[in-house]
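# Results of the structural survey
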Amino acid sequence: ITNLMDNYAIYFGHVLSNSFYPGLQRAIGVGSAFEGWSPREQDVVYQVFIPMTPPRGHSFHLELDSAEHRHVRNFRVRVQLECTCTEEQQAENMLCFLHQPEEELRSNQDPSLLDTLCSDGFLDVQKTARWFYQLVRAIWPALPQSHNWHLKLLPSRRSCQFQVSNGRESFRIEMLFGVRRDDSNIFVSSQPREAYTQSTAWPETYAVAEMKFFQHIARRAPRDSLHLKCLQFFTRLVLGFSFSTYSMKTIVMHLLNVVPVSRWRRRDLLQRLLDISDGLRMCVRAKRLDHFIVGNQGLPEDIRLTPDVLNAPPYNLFHHLAEEPAARTQAINEYREL
C-alpha cells in the first residue's frame, strides 16, 4: 500500500505541478490498519490521509463553523485569490486572477480553484472527492502496479475508495484528504463524523496525531510488547456491543501514556487486560471518557497540537451516558456481559 501511494504521489506531482488544483503531499497511513491493531483482519480498510496545499495564486483559510454541535468541531476552507503581479510569476506566464481582465483570463488561462472545486467560495468535499476519483483512474495505467493488479473504484461521496486485486490478494484503500492546521499534526478532513455532513464542512481530525503516538510507543516498546494485541483483543471483543472500537482505543492510549512500555510484555498480559477492563468499568460508572488528544498536555513532544486543541477542556466521548439514562443502563449491562 505504501509503495502504491508513493507511486501515486510522484504522478500527482507531475500532473498538478502547473495547475490550479490543490497540491497533494505524500500520503500518511492512519487508522487501525497502519497502527497495527485491526479488529477484523479479514476486511481491513487501509486509510491514507493526503494533505492538500493551495495552488499558485490561491490561499486556504480555515474558519470554524459557529453553528456546530458541542462535541464536533467543523471547519470550512475558504479559498482566496492572491495577487501574482510579480516578476517571478510573470516569468512563469501566469496571469493574475485578481488584476487581469476576465476575458483575458478565460482565453489564456485555466479556471481558478474557485471555479472548479469550490461552492460559494469554500472548498467542497464532494467536488474534491470526484476530482480525486478522476485522478486515480487517469493515473492508474501509468503505475507499475497496473501490470499485475486490477483497479476497482468504489462509491463514496467524501473520500476516494478503491480496491486493488491480483487474483490471490485484495486490498481496499480509502483516500481521505484535508488541510493541515498551522504547523501541527491536527488537520481538517473529508471524513465525516455524523450521518449527514454538509459538503463544505471539514471536521477536525486527530488521526495523524494518534498515529504518531503509536509510532512513539513502538520506538520505545520491547520486542515482545503486547500492547497492540491487548487493543486488538478488546476492540474485537466489543464488536456487536454499544462500546465503539474508538472508545477502547482511547482507553488503551490513556493507559499507554501512564504505564511504562516495559510493563506491556508477555508476562504482564493478564494485568494489562485487567487494567483495560477496569478502565472501561470506571468510565462507564463515571459516565466520562476524556478524548485522548484534545486538551492532553502530557503527550510526547514530537506530537504537535494547535494552541486551541492543546488548551481546550477534553471533551467527553461518553457524554451520551450522562445525557441519556437508558444509554447508561445499557452500557452497565453490556459491561457486565463482557
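Residues numbered from 1 in each chain as written. Predicted model: local features only at pLDDT ≥ 70, side-chain atom pairs only at ≥ 80, totals over all residues. Heavy atoms only, no water.

The next subject is the overall build of the protein chain. Each helix and strand counted, the protein chain has 12 helices and 12 strands in total. When its C-alpha atoms are laid out on the principal axes, the protein chain stretches across 70 × 50 × 35 Å. Scored against the burial criterion, the 338 residues of the protein chain give a buried share of 49%. If you take every contact in the protein chain between residues at least 6 apart in sequence, the share linking residues at least 24 apart comes to 62%. Accessible surface, the protein chain: about 17500 Å² in total, of which carbon and sulfur atoms supply 48%. The centroid of the 38 positive side-chain charges in the protein chain is displaced by 10 Å from the centroid of its 37 negative side-chain charges. (Helix = DSSP H or I, 4+ residues; strand = E, 2+ residues; numbered from the N terminus. Buried < 20%, exposed > 50% of the residue type's maximum accessible area, 1.4 Å probe, protein only. Contact = heavy atoms within 4.5 Å. Areas by Shrake-Rupley, 256 points an atom, 1.4 Å probe, with all protein chains shown as cover. Lys, Arg positive; Asp, Glu negative; His and termini not counted. Charge placed at Lys NZ, Arg CZ, Asp CG, Glu CD.)

What follows deals with empty space enclosed by the protein. Overall, the coordinates contain one cavity of 30 Å³ or more when judged by the stated rule. The volume enclosed by the largest cavity comes to roughly 40 Å³. Residue lining of the largest cavity: Met5, Tyr8, Ala9, Phe12, Gln25, Arg26, Ala27, Ile50 and Met175, and that is the complete set. In terms of residues, the lining of the largest cavity owes the most to one element, helix H1 (residues 2–16), which gives four residues. Of the residues in the lining of the largest cavity, the class split is seven nonpolar, one polar and one charged. (1 Å grid on protein atoms, 1.4 Å probe; cavity = no way out; pocket = protein on both sides within 12 Å on 5 of 7 lines; lining within 4 Å. Points joined across faces, edges and corners; volume = space filled by probe spheres on them. Nonpolar A, V, L, I, M, F, W, Y, C, P; charged D, E, K, R; others polar.)

Per the domain assignment, the segments making up the protein chain are domain 1 (1–206) and domain 2 (221–337). For domain 1 and domain 2, the distance between their C-alpha centres works out to 31 Å. Both sides together, the interface formed by domain 1 and domain 2 hides about 1800 Å², and carbon and sulfur atoms give 53% of it. Where domain 1 meets domain 2, there are four salt bridges. (Domains from an automatic or database assignment. Buried area = accessible area lost by both parts, 1.4 Å probe. Salt bridge = Lys/Arg side-chain N within 4 Å of Asp/Glu carboxyl O.)

To continue, consider helix H5 (residues 125–139). Three- or four-residue spacings in an α-helix give side chains the same orientation, since the helix completes a turn every 3.6 residues. The end-to-end C-alpha distance of H5, which contains 15 residues, comes to 21 Å, matching closely the 21 Å that a straight helix rising 1.5 Å per residue would cover. Taken residue by residue, H5 has Val125, Gln126, Thr128, Ala129, Trp131, Phe132, Tyr133, Leu135, Val136 and Ile139 as its buried positions. In this structure aspartate 124 caps H5, since a side-chain oxygen of it lies 2.9 Å from the backbone nitrogen of glutamine 126. (Expected span 1.5 Å × (residues − 1). Polar contact = N/O pair within 3.5 Å; in protein donor to acceptor, adjacent residues only side chain to side chain.)

Under the UniProt annotation, the feature "domain: Mab-21-like HhH/H2TH-like" (unreviewed entry) is placed at residues 242–294. Summarising residues 242–294: 60% helix, 0% strand, and an end-to-end C-alpha distance of 23 Å. (UniProt positions renumbered as here; feature names shortened; annotations may be inferred.)

Right, let's get into helix H12 (residues 325–337). Under the 1.5 Å per step criterion, the end-to-end length of H12 is 19 Å for 13 residues, consistent within 8% with the ideal 18 Å. Among all positions in H12, only Ala327, Ala331, Glu334 and Tyr335 are buried. The buried residues of H12 all sit within an arc of 100° when viewed along its axis, so they share a single face. The exposed set on the far side of H12, more than 90 degrees from its buried face, consists of Pro325, Ala326, Arg336 and Glu337. Contact partners of the buried residues in H12: helix H9 (269–286) and helix H11 (319–323). (Arc of directions from axis to C-beta.)

Let's shift gears to the layout of surface pockets. Take a probe with the size of a water molecule and roll it over the atoms, and the empty space left behind shows itself. One number sums up the size of the largest pocket: a volume of about 1200 Å³. Here the residues of the lining of the largest pocket sort into 17 nonpolar, 15 polar and eight charged. For the lining of the largest pocket, the two domains that each supply at least three residues are domain 1 (1–206) and domain 2 (221–337). In this structure, the second largest pocket occupies an estimated 180 Å³ of space. As for the second largest pocket, its lining consists of Thr2, Gly29, Phe34, Glu35, Met211, Phe214, Gln215, Ala218, His227 and Leu228.

A separate point is unusual backbone geometry. Backbone geometry at aspartate 120 places phi at a positive 55°, although glycine is not the residue there. One can find aspartate 120 in the loop between strand E6 (118–119) and strand E7 (122–123). Note on aspartate 120: relative accessible area 79%, which makes it exposed. Despite not being glycine, aspartate 182 shows a phi value in the positive range, around 55°. Within the secondary structure, aspartate 182 is located in the loop between strand E10 (170–180) and strand E11 (187–189). For aspartate 182, a relative accessible area of 62% puts it in the exposed group.

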